[in-house]
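Residue-level listing of the chains:
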Amino acid sequence: MACISLNIEATALKFVRNCQNHSTSLFSANQQSCFKFSSANWNCSNFPVRPTSRRGFNTYKSFATAFNSLYVDNINPEERVVVLVIGGGGREHALCHTLRRSPSCDAIFCAPGNAGISSSGDATCIEDLDVLDSSAVIAFCHKWGVGLVVVGPEAPLVAGLANDLVKEGIPTFGPSSEAAALEGSKNFMKSLCDKYRIPTAKYQAFTDPSAAKEYIKQEGAPIVVKADGLAAGKGVIVAMTLEQAYEAVDSMLVENAFGSAGSRVIVEEYLEGEEASFFALVDGEHAIPLESAQDHKRVGDGDTGPNTGGMGAYSPAPVLTKELQSVVMESIILPTVKGMAEEGCKFVGVLYAGLMIEKKSGLPKLIEYNVRFGDPECQVLMVRLESDLVKVLLAACRGDLRGVSLDWSPGSAMVVVMASKGYPGNYQKGTIIRKLEEAEQVSPSVKVFHAGTAFDADGNFIATGGRVLGVTAKGEELEEARDRAYQAVEQISWPGGFYRRDIGWRALPQKQYS
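Cut-offs and rules
Residues numbered from 1 in each chain as written. Predicted model: local features only at pLDDT ≥ 70, side-chain atom pairs only at ≥ 80, totals over all residues. Heavy atoms only, no water. Helix = DSSP H or I, 4+ residues; strand = E, 2+ residues; numbered from the N terminus. Contact = heavy atoms within 4.5 Å. Pairing = 2+ DSSP bridges. Salt bridge = Lys/Arg side-chain N within 4 Å of Asp/Glu carboxyl O. Buried < 20%, exposed > 50% of the residue type's maximum accessible area, 1.4 Å probe, protein only. Phe/Tyr/Trp six-rings, centres within 6.5 Å; stacked < 30°, edge-to-face > 60°. Axes fitted to C-alpha atoms, helices over the stretch in contact; angles between N-to-C directions. Parallel < 35°, antiparallel > 145°, perpendicular 65-115°, else oblique. Left-handed = near helix turned anticlockwise from the far one by under 90°. Nonpolar A, V, L, I, M, F, W, Y, C, P; charged D, E, K, R; others polar. pLDDT = per-residue confidence, 0-100.

A. A look at the overall build of the protein. Each helix and strand in the protein was counted, giving 16 helices and 27 strands. A sequence separation of at least 24 residues applies to 70% of the contacts in the protein between residues at least 6 apart.

B. How the structure looks around the sheet that holds strand S25 (residues 461-463). With antiparallel pairing, the 3 strands of this open sheet are ordered in space as S22-S25-S24. Among the strands making up the open sheet, the edge pair consists of strand S22 (432-433) and strand S24 (453-455).

C. Quick look at the pattern of salt bridges. In total, this model carries 24 salt bridges according to the counting rule given. Across the pair Lys202 and Glu219 runs a salt bridge, and its minimum N-O distance is 3.1 Å. One end of the pair, Lys202, is in the loop between helix H9 (186-196) and strand S9 (203-206); the other, Glu219, is in helix H10 (residues 209-219), and 17 residues separate them in sequence. Among the residues examined, Glu219 registers a relative accessible area of 37% and is labelled partly exposed. The shortest N-O distance in the salt bridge between Asp228 and Arg264 comes to 3.3 Å. Here Asp228, found in the loop between strand S10 (223-227) and strand S11 (236-239), pairs with Arg264, found in the loop between helix H11 (242-254) and strand S12 (265-269); they are 36 residues apart in sequence, far enough to count as distant. Taken together, the shared-partner salt bridges in this structure form one network comprising Asp303, Arg500, Asp502 and Arg506.

D. Expanded view of the packing of aromatic side chains. With the rule as written, the count across this model stands at 8 aromatic pairs. Aromatic pair Phe206 and Tyr215: ring centres 5.4 Å apart, planes at 45°, arrangement tilted. Side by side, Phe206 and Tyr215 carry an identical accessibility label, which is buried. Counting every residue linked through ring pairs, the aromatic cluster contains Phe109, Phe140 and Trp144.

E. How the structure looks around the sheet that holds strand S6 (residues 124-125). The parallel open sheet is built from 5 strands, whose spatial order is S6-S5-S4-S7-S8. With partners counted over all chains shown, the strands left at the sheet margins are S6 and strand S8 (172-173), one partner each. As paired strands, strand S4 (residues 81-87) and strand S7 (residues 146-151) are joined by 5 bridges and run parallel to one another. Across the sheet, residue Val83 finds its bridge partner in S7, namely Leu148. Running at roughly 85° to S7, helix H14 (residues 389-397) makes contact with S4, strand S5 (105-112), S7 and S8 of the sheet.

F. Geometry of the packing of helix H3 (residues 90-100) against H14. Relative to each other, H3 and H14 sit at 105°, their axes nearing to 8 Å. Here H14 runs roughly perpendicular to H3, going by the angle between their axes. On the side of H3, the interface is formed by Leu95, Thr98 and Leu99, while H14 contributes Leu389, Val390 and Leu393.

G. Main features of the pairing of strand S19 (residues 348-358). Among the 11 residues in S19, 11 count as buried, and that is most of the element. By the bridge criterion, 11 bridges tie strand S13 (residues 273-283) to S19 in an arrangement that is antiparallel. Pairing of Leu281 across the sheet is with Val350, part of S19. For S19 and strand S20 (residues 364-370), the ladder comprises 6 bridges, and the chain directions are antiparallel. Of the residues in S20, the one forming a bridge with Tyr352 is Asn370. Hairpin remark: S19 followed by S20, antiparallel, with 5 residues in the connecting loop; positive phi at Gly362, about 75°.

H. How the structure looks around the packing of H10 against H11. Where H10 contacts H11, the axes come no closer than 10 Å and their chain directions differ by 160°. Here H10 is positioned roughly antiparallel relative to H11, judged by the angle of their axes. Judged by the twist between their axes, the crossing of H10 over H11 is right-handed. Residues Pro209, Ala212, Lys213, Ile216 and Lys217 of H10 lie in contact with H11, whose contacting residues are Leu242, Ala245, Tyr246, Val249, Asp250, Leu253 and Val254. For the contact of H10 with H11, the residue count by class is 9 nonpolar, no polar and 3 charged.

I. How the structure looks around the environment of Ser409. Positionally, Ser409 belongs in the loop between H14 and strand S21 (412-420). Sequence spacing of Ser409 and Glu386 is 23 residues, and the spatial spacing of their C-alpha atoms is 6.3 Å.

J. Representation of the confidence of the model for the protein in the model. Overall, the prediction assigns the protein a mean pLDDT of 86, with 84% of residues at 70 or greater. In the predicted structure, residues 1-11 sits below a pLDDT of 50 and forms 15 contacts with residues beyond four places in sequence or in another chain. Every residue in residues 23-78 scores below 50 in pLDDT, and together they form 111 contacts with partners more than four places removed in sequence or on other chains.

Structure below.
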């Protein structure tokens, strides 16, 4: 088949749609990188494509041949949209996986993506698109007819990416930079709680280390010290002694451990109870709840060691009863949505409330807000969601969530995070990971989401981050989901990794996996 003379971008987009419909990976074994769109003119006959092994393909095809064999003329562009997911972690992999199943989804791009996203066929990765450069993202959206942008990480939101995309008329699921201050500044969030009477822990904000230490001395330990700004999930110190609290203050305000993010600290009362995560989709005025989930922040079994971005999660969380979920909506989520609107910065996106169900009162208090799907909670929520996610997110972008309801699969889901040894401290990059396909063969309900992987020169998956894999499984009961997840974990060969062996311990009889 000769090199076709159609508009190459339109033709390539059709090809991308069908590659994703047929679980085809758009990366070359020779390149070992995600698909790039930087070339102005492609030679169709030399464009390499490798379909995934699950479909039984074992040869390389040229772009023209693969397009000719895979293209089916059944796509109505008026009913389906092209989606761009911003980010490259486990959360984004889970979002791509679920968006791909949406009937309203035409094709999915992910920028920058990662090796796992690309090789699974869940999206076409655009590794050279600078997601902090709004003009570059806008140009890409116009070029490829993107009808929905879903922003995963917080940094592009705080930088104003959603503002710029919305100004260009591109539907964007994610808050403006002003609204993203709910996560970008803990002081802003706490001030909003004060003004709109949202229950939260007692606190004071400080820029002077001596004043902060004096307050800590008055309040006593245990006590919590937080960096005001974004610190990649590491800016919270639960100090069990006064000395630990003083050290935390010095590391942030004196030693600048978190740079400008730690130029102000929040010193907060220690709340005793059980943590839970609550998510709601928001369209600026209305909010609808997602299912509950529970994270495991500490790095070690039994909730020991330093905080991390999350070592595992499960959904639903038994601690969040239906009655408590109603309390959270009425006392925390809806007052926040109303307050943000009254402050002139309507919130559009997902509100992720980190909660403490207080031991003494049994009622929820707000610990923190994130303005995006949590990671790893997103993984367990996405595998349980049965609604058309594209349609729901577009409704949020259009301010049309009133009356929308979500469908969820029955049963439970669990994710076990596999991290590089040394995390959350220093860790080695480039360690080889094997037998990922064997892990997913444990059960049809198992899915391995990639958070920090790439390919080496020999085509092996290698670890490039701290949290690297999210091994996720569903079950009729949480115990079945746990057993499947750990059975899958045990299939993976990765001497450079580790994982907690007690995910779900609060909700299940104690059982550890070796």
